Amino acid sequence: LIAYVLGWYIVLAKFKTSVWFNYIKNMFPPFLTAFSTLSSAATMPFTLIATRKNVHDPDVVNFVIPSTVNFHLIGDCIAMPIFSMAIMLSFGYALPSMGEYLVFSLYYLLARFSVAGIPGGGAIVIWPLLKGQFGFTSDMLALIQTLNLMFDPMITAINVMGNGAFAILFNKIYHCTKRSPSPI
């Protein structure tokens, strides 16, 4: 999770170390707040302040951060499938085929992005999919919930970092398309 999000910041900084370091430094207060509160919504004021420092366009920040804070849950969308596959192997289940995993991932992403972010919500959303598609037992589902709650501080912090990176990306795309002439 950390490598994925930090990789996005590196790419968005165009591989310039000073810019990348500045992005991360600005996002550290929301990262720490999210880690300690388990809430992207409670962290939103800090995320807005930090992202304004990284984006320099308050209109973009004021649009992107509030609209993504409760459903842009990149940490959940990466961590929960990994937890699921690890539990499958631990309980002696075979890993799913690429096709099965793709169907599962698409259903999970749709379900995850349609539910508000609450502590432990990632596990609750994934239970029916794991039970129906892979035959998870009650013990396996309880273990998913336990892992989700154990890692929720880091998952929430990564969600907030992902929101900050998304705002930078959205800003770059928005200003790039705004400058290009209209085809009509």
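Residues numbered from 1 in each chain as written. Predicted model: local features only at pLDDT ≥ 70, side-chain atom pairs only at ≥ 80, totals over all residues. Heavy atoms only, no water.

Participant: Can you help me understand helix α4 (residues 58-68) in this one?
Facilitator: Residues three or four positions apart in an α-helix share a direction because the helix packs 3.6 residues into each turn. All of the buried residues in α4 are Val60, Val61, Val64, Ile65 and Thr68. Summarising the axial view, the buried residues of α4 lie within an arc of 100°, below the 170-degree limit, and thus occupy one face. (Buried < 20%, exposed > 50% of the residue type's maximum accessible area, 1.4 Å probe, protein only. Helix = DSSP H or I, 4+ residues; strand = E, 2+ residues; numbered from the N terminus. Arc of directions from axis to C-beta.)

Participant: Looking at this structure, I do not really get a nonpolar patch on the surface. What am I missing?
Facilitator: Residues Tyr4, Trp8, Ile10, Val11 and Phe15 make up a contiguous nonpolar surface patch of about 490 Å² in total accessible area. Looking at the element boundaries, Phe15 is found in the loop between α1 (2-12) and α2 (17-37). (Patch = residues over 30% accessible without salt bridge, like charges linked within 9 Å, V, L, I, M, F, W, Y side chains within 5 Å. Areas by Shrake-Rupley, 256 points an atom, 1.4 Å probe, with all protein chains shown as cover. Salt bridge = Lys/Arg side-chain N within 4 Å of Asp/Glu carboxyl O.)

Participant: Looking at this structure, I do not really get unusual backbone geometry. What am I missing?
Facilitator: Glycine aside, residues mostly have negative phi angles, and peptide bonds mostly take the trans form. With a phi angle near 55°, Lys14 is a residue other than glycine that sits in the positive phi range. Note on placement: Lys14 falls in the loop between α1 and α2. Judged by relative accessible area, Lys14 falls into the exposed class, the value being 57%. The phi angle at Leu38 is positive, at roughly 60°, despite the residue not being glycine. Here Leu38 is to be found in the loop between α2 and α3 (40-55). For Leu38, a relative accessible area of 28% translates into the label partly exposed.

Participant: Would you mind going over the environment of Val125 with me for this structure?
Facilitator: Looking at the secondary structure, you find Val125 in helix α7 (residues 121-134). Residue classification places Val125 among the buried residues on the basis of a relative accessible area of 14%. Sequence separation between Val125 and Leu147 is 22 residues; the distance between their C-alpha atoms is 14 Å. Contact partners of Val125, with chain neighbours within four places excluded, come to Tyr108, Ala111, Arg112 and Val115. (Contact = heavy atoms within 4.5 Å.)

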